[in-house]
Amino acid sequence: MTQQATPIEARSMGTHLDRADGREKVTGHARYAMEHGADDGVEAPLTAWLVQSTIARGRVVRVDPAAALAHPGVVSVLDHETAPRLADTEDRELAILQDDRVGLRGQIVAVVLAETPEAAREGARLVHVAYDEEPHRASLEGAETYAPESVNAGHETDWADGDVAAAFAGAAVVVDQRYSTPHEHNSPMEPHAATALWDGERLTLWDSTQAVHAVAKTFAPMLGLEAAQITVRAPYVGGGFGSKGLPHAPEMAAALAALSVPGRPVKLAVTRQQMFALTGYRTETVSHVRLAAEPDGRLLGIEQHAVSQTSAIKEFTEQTATAARMMYAAPARATTHRVAALDVAVPSWMRAPGEMPGMFAQEVAMDELAFACEVDPIELRVRNEPDVDPETGNPWNNRRLVECLERGAERFGWDGRPSAPGTVQDGDWWVGTGVAAATYPTLWMPGNTARVESLGGGRYAVSIGAVDIGTGARTVLVQIAADALGVDPAAVDLHIGDTDQPAATVAGGSAGTGSWGTAIVQTVQQLRADHGEHPDAGVASTATAEAYPDMDRYALHSFGAVFAEVRVHRWTGELRAPRLLGVYSSGRVVNPMTARSQFYGGLVMGLSGALFEESVRDPRFGHVVTQDLATYHVASHADVHGIEVEWLADDTDTLATPFGGRGIGEIGIVGTAAAVANAAWHATGIRVRDLPVTADRFVR
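Predicted model only: the values in this text are computed from it and were never measured. (Residues numbered from 1 in each chain as written. Predicted model: local features only at pLDDT ≥ 70, side-chain atom pairs only at ≥ 80, totals over all residues. Heavy atoms only, no water.)

**Q** Which parts of the structure should I look at to understand the overall build of the chain?
**A** A count of helical and extended segments in the chain gives 14 helices and 28 strands. Projected onto its principal axes, the C-alpha positions of the chain cover 75 × 70 × 50 Å. The buried share of the chain, taken over its 700 residues, is 60%. Intrachain contacts of the chain at a sequence separation of at least 6 include 82% that bridge at least 24 residues. Summed over its atoms, the accessible surface of the chain is roughly 25,600 Å², and 49% of this surface lies on carbon and sulfur atoms. For the chain, the centre of its 56 positive side-chain charges and the centre of its 90 negative side-chain charges are spaced 3 Å apart. (Helix = DSSP H or I, 4+ residues; strand = E, 2+ residues; numbered from the N terminus. Buried < 20%, exposed > 50% of the residue type's maximum accessible area, 1.4 Å probe, protein only. Contact = heavy atoms within 4.5 Å. Areas by Shrake-Rupley, 256 points an atom, 1.4 Å probe, with all protein chains shown as cover. Lys, Arg positive; Asp, Glu negative; His and termini not counted. Charge placed at Lys NZ, Arg CZ, Asp CG, Glu CD.)

**Q** Any chance you could explain the sheet that holds strand β6 (residues 128-133) here in plain terms?
**A** Think of a sheet as strands paired side by side through backbone hydrogen bonds, with each pair either parallel or antiparallel. Ordered in space as β4-β2-β6, the 3 strands form an open sheet in which the pairing is antiparallel. For this open sheet the edge positions go to β4 (101-102) and β6, each flanked by a neighbour on one side alone. Sheet topology places strand β2 (residues 58-64) next to β6; 6 bridges connect them, and they run antiparallel. Bridge pairing links V60 to Y131 in β6. (Pairing = 2+ DSSP bridges.)

**Q** Sorry, what's going on with the layout of surface pockets here?
**A** Empty space left among the atoms is revealed by rolling a probe the size of a water molecule over them. Considering only enclosed or pocket space, the second largest pocket measures out at about 540 Å³ in volume. What lines the second largest pocket is a set of 27 residues, among which Q52, S53, G106, Q274 and Q627 lie closest to the centre. Those elements that place two or more of their residues in the lining of the second largest pocket are β1 (46-52), α3 (117-126), α7 (272-278) and β27 (623-624). Across the lining of the second largest pocket, the residue classes break down as 12 nonpolar, 11 polar and 4 charged. (1 Å grid on protein atoms, 1.4 Å probe; cavity = no way out; pocket = protein on both sides within 12 Å on 5 of 7 lines; lining within 4 Å. Points joined across faces, edges and corners; volume = space filled by probe spheres on them. Nonpolar A, V, L, I, M, F, W, Y, C, P; charged D, E, K, R; others polar.)

**Q** Would you mind showing me how to read the environment of E614 here?
**A** Within the secondary structure layout, E614 lies in the loop between α13 (592-611) and β26 (617-618). Distance from E614 to E284, taken between C-alpha atoms, is 9.5 Å for residues 330 residues apart in sequence. If we ignore the near neighbours within four places in the chain, the residues touching E614 are P182, H183, T626, Y632 and P692.

**Q** Can you help me understand the nonpolar core in this one?
**A** Most often, soluble globular proteins keep nonpolar side chains buried together rather than apart. Counting 83 residues, the largest nonpolar core has L291, L369, F563 and V693 as the members making the most contacts within it. If sequence neighbours within four positions are ignored, L291 has contacts with F168, V173, V174, V175, L299, G301, I302, A365, M366 and L369. (Core = buried A, V, L, I, M, F, W, Y, C linked by side-chain atoms within 4.5 Å.)

**Q** What am I meant to see in the packing of aromatic side chains here?
**A** To describe a pair of aromatic rings, one takes the distance between the centres and the angle between the planes. Applying the stated criterion across every chain, the model contains 8 aromatic pairs. Between the aromatic rings of F371 and W681, the centroid separation amounts to 5.0 Å while the plane-to-plane angle is 70°, which identifies the pairing as edge-to-face. Here the residue F371 occupies a position in helix α8 (residues 355-373), and W681 occupies one in helix α14 (residues 672-684), the gap between them amounting to 310 residues. Residue class for F371 comes out partly exposed when judged on its relative accessible area of 44%. Relative accessible area serves as the criterion here: at 8%, W681 is assigned to the buried category. Seen from their ring centres, Y584 and F599 are 4.6 Å apart, and the 0° between their planes marks the pair as stacked. Separated by 15 residues along the polypeptide, Y584 in strand β25 (residues 575-585) and F599 in helix α13 bring together distant segments of the chain. (Phe/Tyr/Trp six-rings, centres within 6.5 Å; stacked < 30°, edge-to-face > 60°.)

**Q** What am I meant to see in the pattern of salt bridges here?
**A** In a structure, side chains of opposite charge can pair up when their charged atoms sit close to one another. With the rule as written, the count across this model stands at 45 salt bridges. Two residues, D21 and R19, come together in a salt bridge whose shortest N-O distance is 3.2 Å. A salt bridge links R697 to D696, with the shortest nitrogen-to-oxygen separation between them at 4.0 Å. The class for R697 is partly exposed, based on a relative accessible area of 30%. Three or more residues joined by partner-sharing salt bridges are found here, namely R407, E410, R411, E644 and E646. (Salt bridge = Lys/Arg side-chain N within 4 Å of Asp/Glu carboxyl O.)

**Q** Any chance you could explain the sheet that holds strand β21 (residues 459-463) here in plain terms?
**A** If you walk across this open sheet you meet the 4 strands as β22-β21-β20-β23, and the pairing is mixed. Two strands bound the open sheet, and with one partner strand each, they are β22 (492-495) and β23 (540-545). Taken pair by pair, the neighbouring strands of this sheet meet at an average axis angle of 20°, ignoring direction. Of the pairings in the sheet, the one linking strand β20 (residues 448-456) to β21 comprises 5 bridges and is antiparallel in character. When the sheet's bridge partners are listed, E453 is paired in β21 with A461. Lying over the sheet, helix α12 (residues 512-531) contacts β20, β21 and β23, oriented at roughly 135° with respect to β23. (Axes fitted to C-alpha atoms, helices over the stretch in contact; angles between N-to-C directions.)

**Q** Help me out: how do you make sense of empty space enclosed by the protein in this one?
**A** One pass over the structure, following the stated rule, counts 3 cavities of 30 Å³ or more. Here the largest cavity is characterised by a volume of approximately 100 Å³. Elements represented by at least two residues in the lining of the largest cavity include exactly β19 (429-441) and α12. Considering only residue class, the lining of the largest cavity consists of 6 nonpolar, 8 polar and 1 charged.

**Q** How should I be thinking about the environment of H213 in this particular structure?
**A** Within the secondary structure, H213 is located in helix α5 (residues 212-223). When the C-alpha positions of H213 and L369 are compared, they lie 46 Å apart, and in sequence the two are 156 residues distant. Once you skip the residues sitting within four places of it in the chain, H213 turns out to touch G465, D498, T499, Q501, P502, A503 and A504. Looking at H213, its side chain comes within polar contact range of the main-chain oxygen of P502, at 3.2 Å. (Polar contact = N/O pair within 3.5 Å; in protein donor to acceptor, adjacent residues only side chain to side chain.)

**Q** Mind showing me how you'd approach unusual backbone geometry here?
**A** What is expected of a backbone is that most residues other than glycine have negative phi and most peptide bonds are trans. The omega torsion of the bond from L691 to P692 falls at -5°, within 30 degrees of zero and hence cis. In this structure, L97 is a non-glycine residue whose phi angle is positive, near 60°. With respect to the helices, strands and loops of the structure, L97 is situated in the loop between β3 (74-78) and β4.

**Q** Got a minute to help me understand the packing of helix α11 (residues 473-485) against α12 in this structure?
**A** Describing two packed helices takes the angle between their axes plus the distance from one axis to the other. Where α11 meets α12, the closest approach of the two axes is 9 Å, and the angle between their N-to-C directions is 30°. As far as their axial angle goes, α12 and α11 are roughly parallel. Between α11 and α12 the crossing geometry is right-handed. Here A473, V476, L477, I480, A481, A484 and L485 of α11 lie close against α12, whose contacting residues are T513, W516, G517, I520, V521, V524, L527 and R528. (Parallel < 35°, antiparallel > 145°, perpendicular 65-115°, else oblique. Left-handed = near helix turned anticlockwise from the far one by under 90°.)

**Q** What is the right way to look at the environment of L603 in this model?
**A** Structurally, L603 is set in helix α13. It is 8.3 Å that separates the C-alpha atoms of L603 and V670, two residues lying 67 residues apart in sequence. With near-sequence residues (within four places) excluded, L603 lies in contact with V562, L580, G582, Y584, I643, E644, V645, G668 and T672.

See below:
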């Protein structure tokens, strides 16, 4: 079904509805990936534990399992010689235990299976692995780079428009600076985990994943199975932030372990330390940004040249510079991406990939331009508002960035802000305020299928293989379905999180609710067309949403403005952010409670990235040394003070979805780090262009 769905009337949408999974979670009845399998296998579950390489590059000479096998409770040890063979080994991140090559420190080189977690862990410690070590490369500094064929999400690697050289040659004001963001690691509350069961004919995987169908689609050909032979279930997931959007090596380890012991479920939970090597992270980025402007701040040219790192065993390129192509008006602009392939863990998605690091660079550069031109930072952005999308020339869906900036300024108390930095002091604290814009594209994903069945008596069952990773999808999809059906939410039974349900795309890219919700709306309309307004009990319709947003003729994006107050202690350099405000245009909000939580989460994660988060890799050995939450710092309750969120009223975007909403999971983090860094400069006059913004930068 490819036609656009007719926009639907909002009755439940836009109102508060308690979370559908709230009771199960607070009472402990919600079962996560590691809590399955005990009553599904013929025998009691086994626990799997990972043995990781201690070199960054080379070969495994020998795996000696003797001491491990002698330990009570240890059942078996799998390595590259004894593990089941894969039918497809092209994906080197997932093709574990298939040969003796080592491509990164922390790579899985053996898996121990035991009767208890304690025995498995001790058994892994007792496995002896001998290596033939080779020289490795593990630092972006000085590394050779190349131009990838494309960057994440399919964007062009390089893009240019207009005469950039002429723009800079004739500019009265030029900002020319380098900005960087560090490695950052996703740290969801529930670490990556899976329970796998092979019954001799079918593999069942209870997985902490953001996309059950993507795991099945990836694993089936690799394991030499038909699609019907693999079931993936994710009834409850304890967060992901992108790291669970793609399958990673531990899930394959669980599957291979299960294949080796038919009939016995195998449980595998990745430790917090192991996550820093095996489950993705945000790559380090370096952006060279140049802005050319008239004396009044009107842009003549924009350049952003981004460099990041990837893994030599599997390419992932952050789309760092793509927002610079569409954010502000300028007659000339150019962006490039270059990447270095290192002998390190494979990077992947982390909340707002590309936009988060790229907009940090761009929005701090805009703040620098505002000061150079003696223009208020909000006014500078207003003067550079584009009438149409500079990248495509398409009209906007409903770009309301100026409204976000003006509404935020009013609510934050921006008027009267001194333009000069370092002029406001409260006791021993320097006080400053900063602003940054935020944007995130509407990433609508085709191919989602829903099934709607009439249960009789005005009740309906709605099924789609979507995953709720803790964001509230179970709740908002019920509200969307209820309004499409014209019934109360209590009359909708929603079934999600299982490949036995119709195909659904990833819970990521702020695309889940929009893409799944569109499929549900179109399927309801198909049900009406097939069976009338009052369908008999037992009848059902299934439909696939292949198209809806008119992306060829319109530029579909969300926008926002983030305001921050930062205090810097004059003697110690300690930073505090007592106030954060985000104002957003993101289409119709389906559920104010879940939406507010998503915006809050994005702002807190942005604050955490601004002040604390930094993974440190030791280039001598190739591994991340800050591999726990004691050394990898994240914002805690004591760091989060006043946070406010507002979204613009009457912001319904039926160009994006038939229910008028756009995604909100990512945009809250975009711009936050820049607003904090800009506020820290305003407080002290010290410009920090490298995240995180730490106390040592301000100790004079």
